[in-house]
Amino acid sequence: QKEVEQNSGPLSVPEGAIASLNCTYSDRGSQSFFWYRQYSGKSPELIMSIYSNGDKEDGRFTAQLNKASQYVSLLIRDSQPSDSATYLCAVKDTDKLIFGTGTRLQVFP
Amino acid sequence: ETGVTQTPRHLVMGMTNKKSLKCEQHLGHNAMYWYKQSAKKPLELMFVYSLEERVENNSVPSRFSPECPNSSHLFLHLHTLQPEDSALYLCASSQEHQNANTGELFFGEGSRLTVL
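These numbers were taken from a predicted model, which means no experiment stands behind them. (Residues numbered from 1 in each chain as written. Chains lettered and ligands numbered in written order. Predicted model: local features only at pLDDT ≥ 70, side-chain atom pairs only at ≥ 80, totals over all residues. Heavy atoms only, no water.)

(A) Local environment of the overall build of chain A. Per the secondary structure count, chain A includes zero helices and 11 strands. Taken from the N to the C terminus, the helices and strands of chain A come in the order β-β-β-β-β-β-β-β-β-β-β. Here the C-alpha atoms of chain A give a radius of gyration of 13 Å, agreeing with the 13 Å that 2.2 N^0.38 yields for 109 residues. For chain A, the spread of C-alpha atoms along the three principal axes comes to 40 × 30 × 20 Å. For chain A, the proportion of its 109 residues judged to be buried stands at 47%. (Helix = DSSP H or I, 4+ residues; strand = E, 2+ residues; numbered from the N terminus. Rg over C-alpha atoms; globule rule 2.2 N^0.38 Å. Buried < 20%, exposed > 50% of the residue type's maximum accessible area, 1.4 Å probe, protein only.)

(B) Structural detail: the nonpolar core. With 24 residues, the main nonpolar core has A:Trp35, A:Val72, A:Leu74, A:Ile76 and A:Tyr87 as its most contacted residues. Every element with two or more residues in this core is listed here: β3 (19-25), β4 (33-38), β5 (45-50), β7 (61-66), β8 (71-76), β9 (85-93) and β11 (103-108) of chain A. Within the second largest apolar cluster, 22 residues are counted, among which are B:Met32, B:Leu76, B:Leu81 and B:Val115. (Core = buried A, V, L, I, M, F, W, Y, C linked by side-chain atoms within 4.5 Å.)

(C) Spotlight on the state of the cysteines. Scanning the entire structure with this criterion turns up two disulfides over all chains. Linked covalently through their sulfurs, A:Cys23 and A:Cys89 form a disulfide whose S-S length is 2.1 Å. Judged by the torsion about the S-S bond (-75°), the A:Cys23/A:Cys89 disulfide is left-handed. Of this pair, A:Cys23 sits in strand β3 while A:Cys89 sits in strand β9; the two residues are 66 residues apart in sequence, bridging distant segments of the chain. Across a sulfur-sulfur distance of 1.9 Å, B:Cys23 and B:Cys91 are joined as a disulfide pair. Its S-S torsion of approximately -75° makes the covalent link between B:Cys23 and B:Cys91 left-handed. Residue B:Cys23 is located in strand β3 (residues 18-25), and its partner B:Cys91 is located in strand β9 (residues 87-94); the two are separated by 68 residues in the primary sequence. Judged by its relative accessible area of 0%, B:Cys23 is buried. According to the relative accessible area criterion, B:Cys91 is buried, its value standing at 0%. (Disulfide = S-S within 2.5 Å.)

(D) Here's a closer look at the interface of chain A and chain B. Contact residues are listed per partner, giving 18 residues for chain A and 20 residues for chain B. Surface buried jointly by chain A and chain B totals about 1,500 Å² across both partners, of which 52% is contributed by carbon and sulfur atoms. Of all residues in chain A, the largest losses of buried area upon contact with chain B belong to A:Ser43, A:Lys96 and A:Phe99, amounting jointly to 30% of the total for that side. Our count for the contact surface shared by chain A and chain B stands at zero salt bridges. At the boundary of chain A and chain B, one finds three residue pairs in polar contact (both at pLDDT 80 or more). Those elements that provide at least two residues to the side of chain A that touches chain B are β4, β5, β9 and β10 (96-99) of chain A. Residues of the side of chain A that touches chain B, tallied by class, amount to eight nonpolar, six polar and four charged. (Contact = heavy atoms within 4.5 Å. Buried area = accessible area lost by both parts, 1.4 Å probe. Salt bridge = Lys/Arg side-chain N within 4 Å of Asp/Glu carboxyl O. Polar contact = N/O pair within 3.5 Å; in protein donor to acceptor, adjacent residues only side chain to side chain. Nonpolar A, V, L, I, M, F, W, Y, C, P; charged D, E, K, R; others polar.)

(E) Examining empty space enclosed by the protein more closely. All names here are of chain A. Taken as a whole and assessed by the stated rule, the structure comprises one cavity of 30 Å³ or more. The space that makes up the largest cavity amounts to roughly 50 Å³. In this structure, the largest cavity is lined by Lys-2, Glu-3, Val-4, Tyr-25, Ser-26, Asp-27, Ser-30, Val-91, Lys-92, Asp-93 and Ile-98. Sort the elements by how many residues they give to the lining of the largest cavity and β9 lands first, with three residues. Grouping the constituent residues of the lining of the largest cavity by class yields four nonpolar, two polar and five charged. (1 Å grid on protein atoms, 1.4 Å probe; cavity = no way out; pocket = protein on both sides within 12 Å on 5 of 7 lines; lining within 4 Å. Points joined across faces, edges and corners; volume = space filled by probe spheres on them.)

Structure (structure tokens):
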């Protein structure tokens, strides 16, 4: 059973801090990795994708991938209260996505 | 607005009822999906339609029956459901390339189903 693991949280950070969200996956052959954000009562939306080892930056968001350690993370710099949401890690397995349970992030003023 | 519209947004049904969930995508995508989201559980893929042909079933109980009449519309027909089927049902679409799913899904707002 291929799995994607995330700490359910909540992860609480003060406004302006860096939020670090982590994800591990079981299938060493996985090649594509995604972060989705889901606000309470809303549907998931894709915010980052990463395919190669290293960092990928997009505005305040940085995705980090380490295939050797089977680890992918999402850093949010200068966290804002509007970043408070559940962040879902997803890993592509052949032709379908396997999702983690999500980490709930709370950014307090 | 993601370009994927689901109706109804909320549905309450008894175990003997028959109802349907509807999904429509306005993105010109060629693949559509049904996912189930329950509390404390990962998103579960139920069905995938690529070019209107079902390509994934994932051992979903037969009380859930999908229908994809064209690339823009997707239905989930529900009958004799159980209380444990109460969940948020999410429709999604994507553009497949060379028979491979990119992983970039666009989700609808979901249909919150309660089975009494």
